Amino acid sequence: MYSGIVRIIIVFLLAFFTGVNFVVFPALGTAFTDSSIFELSSSQFGNLFIPQVVCIIISCLGAPFLVNRFGPKKVLIAGLLLMIFSTAILWMLQFLMNERSVLFPILMVLVAFTGSGFGLSITTLNPLAASLFEEQRSSAILILNFLVGLGTSTSPLMMNLIGNVNNWMYVPAIIFVLVTVIFILFLFLKLEKGTFFELPDHFKIPSKLWMFFIAIILYGFIEGTFGSFGAIILKNLGLDNDKASLGLSLFWGGIAVNRLLFGIFSKKHDLSYVFLLSPVFVAGLLFLLWLNSNVNILVLMMFLIGFFMGSIFPGAIGWGTVEFPSLSVLVSGFLMAANQIGTGIITNVLGNFSNQTAVILQFLMICMMIICILFFYLKRNSKIKEAF
């Protein structure tokens, strides 16, 4: 019994620290663009994340086959080591400040390592969490993703607590120590490969899974829009810098709260229709966001948009895991890659339309309605009641 509890605690702590490690580079954005430290231009800083997105997509798509071949523990070890190595080298860059010309190429490589490590880790952690709760797989995935999200908010908080941007090196140092400790604890866990992580010898991706894939690409559009251009959109709607930052924080907070509550209450209550209608609620809130001009209401709208978005992505992974139990790891990797594809596309395209707020919000409304239609189509003869 105790070994099972320890396994659950360590797996969910890994999810949290994976989130912490994943955003170490965005968290250090002020240091990277500071003229007295890394001295990266805005375009260099933006380009820094291209290899990250590409490597996440590749690792998410490759992880199911690696897990099938080597088992979840070895793949997780590889993913964690990539992130730990990247963070350690990032800390060591403080000693290369006199060699500015090599900093950007090194950062590009480190970001690629972090992206690969994150993709391998999170793709494996989703089905691993589900395997620990056979009767509550979707809830386990929702709570795991809540912890990943909580972790992603921790690195920027560390930077704020450190204060002086010249002390940037303490952030990767702290993260390196914390992730290394949980990694060492993980090494002592015994994880069997089990049939849950095996792929059939011969399979093709079901047409229903392709529909999940399309839905999550569309979801990635809205997550990427608010993640990259949320502050700009809110400023275009009339908010000042402080209120725009608050709105963006509340957006991510709403996502986290929803995942936690959904994971807890879906164990005892049928939340399937809440999940299915979430995209409609988001579309309606986007419409109100477009029409409204009251600052306080706009900020509240951001929280509610995040709240109703929260369960869509991890919920789709949980539903897909229940729907295709023999392809659980493939479902995780496939939908993780879809999210990154959507985020990557919108981030690169939206720069040309960032001031056309009405067009952006209308486009996102259409995306949400298409997601709802896809979900209701997938609901037919499905196991959604088991998932939620």
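Refer to the preceding data block for the structure.
Please read these numbers as outputs of a predicted model, since none were measured by experiment. (Residues numbered from 1 in each chain as written. Predicted model: local features only at pLDDT ≥ 70, side-chain atom pairs only at ≥ 80, totals over all residues. Heavy atoms only, no water.)

Colleague: What's the story with the side chain of Ser-121 in this structure? I'm lost.
Modeller: With respect to the element layout, Ser-121 can be found in helix H7 (residues 100-132). Side-chain polar atoms of Ser-121 contact the backbone oxygen of Gly-117, separated by 2.8 Å. The contact partners of Ser-121, leaving out residues within four places of it in the chain, are Thr-18, Leu-76, Gly-79, Leu-80 and Met-83. (Helix = DSSP H or I, 4+ residues; strand = E, 2+ residues; numbered from the N terminus. Polar contact = N/O pair within 3.5 Å; in protein donor to acceptor, adjacent residues only side chain to side chain. Contact = heavy atoms within 4.5 Å.)

Colleague: When you look at the packing of helix H15 (residues 312-323) against helix H17 (residues 357-379) in this model, what are you seeing that I'm missing?
Modeller: Packed helices, taken two at a time, are described by their axes: the angle between them and the distance between them. At a closest axis distance of 13 Å, the pairing of H15 and H17 adopts a crossing angle of 20°. As judged from the angle between their axes, H15 and H17 are roughly parallel. In this structure, the crossing between H15 and H17 has a hand that is left-handed. On H17, the residues that touch Ile-312, Ala-316 and Trp-319 of H15 are Met-368, Phe-375, Leu-378 and Lys-379. Looking at the contact of H15 with H17 residue by residue, the classes come out as six nonpolar, no polar and one charged. (Axes fitted to C-alpha atoms, helices over the stretch in contact; angles between N-to-C directions. Parallel < 35°, antiparallel > 145°, perpendicular 65-115°, else oblique. Left-handed = near helix turned anticlockwise from the far one by under 90°. Nonpolar A, V, L, I, M, F, W, Y, C, P; charged D, E, K, R; others polar.)

Colleague: Could you clarify how one ought to interpret the packing of H7 against helix H16 (residues 328-349) in this entry?
Modeller: For the pair H7 and H16, the least separation of the axes is 8 Å and the interaxial angle reads 135°. Relative to H16, the element H7 is oriented oblique. Crossing angle aside, the handedness with which H7 passes H16 is right-handed. Across from Phe-118, Ile-122, Thr-123, Asn-126 and Pro-127 in H7, the residues of H16 making contact are Ser-328, Val-329, Ser-332, Gly-333 and Met-336. In terms of residue class, the contact of H7 with H16 is made up of five nonpolar, five polar and no charged.

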